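An overview of the molecular structure
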There are 2 protein chains.
Amino acid sequence: MARTTGSDGERTEAAIRDAATALIARHGYEAMSMRQLAGEVGVQAAALYRYFPTKEDLLFSLMLEHMEALLTAWQEARPASTRPQVLLSAFVENHIAFHIARRHSTHVSNMELRSLSPERLTRILKLRTTYEKELRTILRDGAATDAFAADDIELTAMALIQMMTGVIVWFRPDERLSVAGVTETYLRMTMRLVGANEGREENHVHQHAEFRA
Amino acid sequence: MARTTGSDGERTEAAIRDAATALIARHGYEAMSMRQLAGEVGVQAAALYRYFPTKEDLLFSLMLEHMEALLTAWQEARPASTRPQVLLSAFVENHIAFHIARRHSTHVSNMELRSLSPERLTRILKLRTTYEKELRTILRDGAATDAFAADDIELTAMALIQMMTGVIVWFRPDERLSVAGVTETYLRMTMRLVGANEGREENHVHQHAEFRA
DNA sequence: TCATTAATAAAACGAACGTTCAATTCTTTC
DNA sequence: GAAAGAATTGAACGTTCGTTTTATTAATGA
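Residues numbered from 1 in each chain as written. Chains lettered and ligands numbered in written order. Predicted model: local features only at pLDDT ≥ 70, side-chain atom pairs only at ≥ 80, totals over all residues. Heavy atoms only, no water.

Where an unreviewed UniProt entry is consulted, chain A appears under the name TetR/AcrR family transcriptional regulator, with the organism given as Ollibium composti.

Spelled out as structure tokens, the structure:
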């Protein structure tokens, strides 16, 4: 047999991406076989190769989309204000919202870097560095204007990112905690951690971003 | 050919464990083949099966040793004092020192849980929970005595652990930062994050633990 | 309606995988 | 110095892997 009724290239590719993200997040890139992925999509393994030349191309495509979506999300969420407290609050809220909404692709992008070729690894890491630089800039401005008391900018940035991204390891929806509740607590912890000046902190950006899973 | 001159069971097993920890940390459990491991040890693949019945038995053994070593390290590092600030300082110092010294096995224990059978996964997670409970107890006592201002104990504990363990992702020795320097900065960030009472914080435990890699 | 193209199935490829087994040699013990 | 045990080799087993090739059908456009 061959082409099946109702088959559509775009739909199939999207289904492959979604299924691959979920499978890799759950079992790992090496542990996921192309046959298993094809079975999840409801297609034969050979059909996958119409959309992705190799398994690694598929992985790289997922990671690239993830990193670009993260940068885009922050560009759109970034407030006009230049006040460090406002910027940092927005960064924390966006980071947590994005990573919870896309925890599967976050897992893929964070845990499967070693399966990329050197050139592709560099490409992804460059995007990651670009994102982290945003946070470092906020922290540096805050320290320069005495809005924050944080001493080592690099360490503070890494600590914050690890802390925030770590949410996806244990957080599950439908528990005692909502996304908004977790974000609120993490905002308080962040502000204390960087030694934010008390006083005029009340105008946080409180429009919680929404992302599709 | 068969038994080689100078061969020794204990030495071979130790060599297997070390090589496996490094290989799994670098390439992942699924990506490491038994032949590759054997090559690293300087032995034929079949020889591995004298020490570990299956590949998964090897992984589980590495993880079990890691978690038990972590708990033992904390038991020995835990100060006699009951003051929350002192206990938390000691916990942070021990955690960072241990995880930097054993970053390879930390990677294995944190990233390869999905390759364990359900029963073994439960066994490892139970040890992890035991360890995390130590931190939660410290935080709870600190909050009860107003030594800390942390509100949500569970979230604070998870945030701190993610933040501290995250050090192994980016920290490399021989850089601008020493283990002691990183620990110092993380201690300050931790104390601010939990809203530790200023004043009598000076008697931290400052005997940095040493672990073998 | 008929050629063209897009989308898939089915089968096969060689390579690599975890693991087993029999044979062989070193080491220890008496 | 011979017997017993420990340590390892080399070859092989069946399975699964990523990928390729070829054939076949569904949708599309003139």
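The discussion continues.
Things to note about the overall build of chain A
What chain A contains, in helices and strands, is 10 helices and 0 strands. Each helix and strand of chain A, placed in order from N terminus to C terminus, yields the pattern α-α-α-α-α-α-α-α-α-α. Here chain A holds 213 residues, and the buried ones make up 51% of them. Summarising the internal contacts of chain A: among those between residues at least 6 apart in sequence, 70% fall at separations of at least 24. As displayed, chain A has an accessible area near 10600 Å², and 50% of this comes from carbon and sulfur atoms. (Helix = DSSP H or I, 4+ residues; strand = E, 2+ residues; numbered from the N terminus. Buried < 20%, exposed > 50% of the residue type's maximum accessible area, 1.4 Å probe, protein only. Contact = heavy atoms within 4.5 Å. Areas by Shrake-Rupley, 256 points an atom, 1.4 Å probe, with all protein chains shown as cover.)

What about the interface of chain B and chain A?
At the interface, 35 residues of chain B touch 35 residues of chain A. When the area that chain B buries against chain A is broken down by residue, the three leading residues are Arg-114, Leu-155 and Arg-192 of chain B, summing to 25%. Seen at the junction of chain B and chain A, the total is 7 salt bridges. A salt bridge links Arg-176 of chain A to Asp-152 of chain B, with the nearest nitrogen and oxygen atoms 3.4 Å apart. (Buried area = accessible area lost by both parts, 1.4 Å probe. Salt bridge = Lys/Arg side-chain N within 4 Å of Asp/Glu carboxyl O.)

Topic: the environment of Glu-68 of chain A
Among the secondary structure elements, Glu-68 of chain A is positioned in helix H4 (residues 55-77). Considered as a pair, Glu-68 of chain A and Leu-127 of chain A are 59 residues apart in the sequence and their alpha carbons are 7.6 Å apart.

Some words on the domain arrangement of chain A
Residues and elements named next belong to chain A. Here the domain parsing of chain A yields domain 1 (1-53) and domain 2 (55-213). Considering only the side of domain 1, the residues that lose the most area to domain 2 are Arg-17, Thr-21 and Tyr-29, jointly responsible for 42% of the buried surface there. On the surface where domain 1 and domain 2 come into contact, there are 0 salt bridges. For the interface between domain 1 and domain 2, the tally reads 5 residue pairs in polar contact (both at pLDDT 80 or more). Among the elements of the structure, helix H1 (9-27) and helix H2 (34-41) are those that each provide at least two residues to the side of domain 1 that touches domain 2. Per element, the largest residue contribution to the side of domain 1 that touches domain 2 is 7 residues, and it comes from H1. Of the residues assigned to the side of domain 1 that touches domain 2, the class counts are 11 nonpolar, 2 polar and 2 charged. (Domains from an automatic or database assignment. Polar contact = N/O pair within 3.5 Å; in protein donor to acceptor, adjacent residues only side chain to side chain. Nonpolar A, V, L, I, M, F, W, Y, C, P; charged D, E, K, R; others polar.)

Quick look at the UniProt feature "domain: HTH tetR-type" (unreviewed entry) in chain A
UniProt's feature table lists "domain: HTH tetR-type" (unreviewed entry) at residues 10-70 of chain A, given in the numbering used throughout. The straight-line gap between the two end C-alpha atoms of residues 10-70 of chain A is 23 Å; of that span, 75% is helix and 0% is strand. (UniProt positions renumbered as here; feature names shortened; annotations may be inferred.)

Quick word on the pattern of salt bridges
This model, assessed by the stated rule, comprises 21 salt bridges over all chains. Close ionic contact of Arg-192 of chain B with Asp-151 of chain A constitutes a salt bridge, the shortest N to O distance being 3.9 Å. Taken together, the residues Arg-192 of chain B in helix H10 (residues 179-193) and Asp-151 of chain A in the loop between helix H7 (118-144) and helix H8 (153-165) connect one chain to another. Residue classification places Asp-151 of chain A among the partly exposed residues on the basis of a relative accessible area of 36%. Across the pair Arg-78 of chain B and Glu-134 of chain B runs a salt bridge, and its minimum N-O distance is 2.9 Å. Highlighted residues: Arg-78 of chain B in the loop between helix H4 (55-77) and helix H5 (84-101) and Glu-134 of chain B in helix H7 (residues 118-144), separated in sequence by 56 residues. A network of salt bridges, in which partner residues are shared, links Asp-151 of chain A together with Glu-184, Arg-188 and Arg-192 of chain B.

What about the nonpolar core?
Side chains of a nonpolar character, in soluble globular proteins, are inclined to be buried together. Formed by 133 residues in total, the largest nonpolar core has its most connected members in Tyr-186 of chain A together with Tyr-186 of chain B. Tyr-186 of chain B has contacts with Leu-155 and Ala-159 of chain A together with Ile-96, Met-163, Met-164, Val-167 and Trp-170 of chain B, leaving out every residue within four places of it along the chain. (Core = buried A, V, L, I, M, F, W, Y, C linked by side-chain atoms within 4.5 Å.)

As for the relation of the copies chain B and chain A
Once turned by 180° and shifted 0.0 Å along the axis, chain B lies on chain A with an RMSD of 0.0 Å. This pairing of chains is accounted for by a two-fold axis. Same-surface contact between copies: 100% of interface residues of chain B are shared with the interface of chain A. (Least-squares fit on C-alpha atoms with pLDDT ≥ 70 in both.)

Some points on the packing of aromatic side chains
Summed over the entire model, instances satisfying the criterion amount to 8 aromatic pairs over all chains. Aromatic pair Trp-74 of chain B and Phe-91 of chain B: ring centres 5.1 Å apart, planes at 75°, arrangement edge-to-face. A residue pair is termed long-range when its members are at least 10 positions apart, and Trp-74 of chain B in helix H4 and Phe-91 of chain B in helix H5 qualify at 17 residues. Relative accessible area serves as the criterion here: at 0%, Phe-91 of chain B is assigned to the buried category. Put simply, the rings of Trp-74, Phe-91 and Tyr-131 of chain A touch in pairs and so form one group of aromatic residues. (Phe/Tyr/Trp six-rings, centres within 6.5 Å; stacked < 30°, edge-to-face > 60°.)

A few points about empty space enclosed by the protein
Enumeration over the complete set of coordinates arrives at 1 cavity of 30 Å³ or more. Approximately 100 Å³ is the volume attributed to the largest cavity. If you trace the largest cavity, you find 15 residues lining it, with Glu-30, Glu-112 and Arg-114 of chain A together with Glu-30 and Arg-114 of chain B closest to the centre. Looking at the lining of the largest cavity, its residues break down into 4 nonpolar, 5 polar and 6 charged. (1 Å grid on protein atoms, 1.4 Å probe; cavity = no way out; pocket = protein on both sides within 12 Å on 5 of 7 lines; lining within 4 Å. Points joined across faces, edges and corners; volume = space filled by probe spheres on them.)

Some thoughts on the environment of Ser-105 of chain B
Residue and element names in this part refer to chain B. Among the structural elements, Ser-105 can be located in helix H6 (residues 103-111). Note on Ser-105: relative accessible area 10%, which makes it buried. A C-alpha to C-alpha distance of 7.3 Å links Ser-105 and Leu-62, two positions 43 residues apart in sequence. Residues within four places of Ser-105 in sequence aside, it is in contact with Thr-21 and His-66. Polar side-chain contacts of Ser-105 include one of 3.3 Å to the backbone oxygen of Arg-102.

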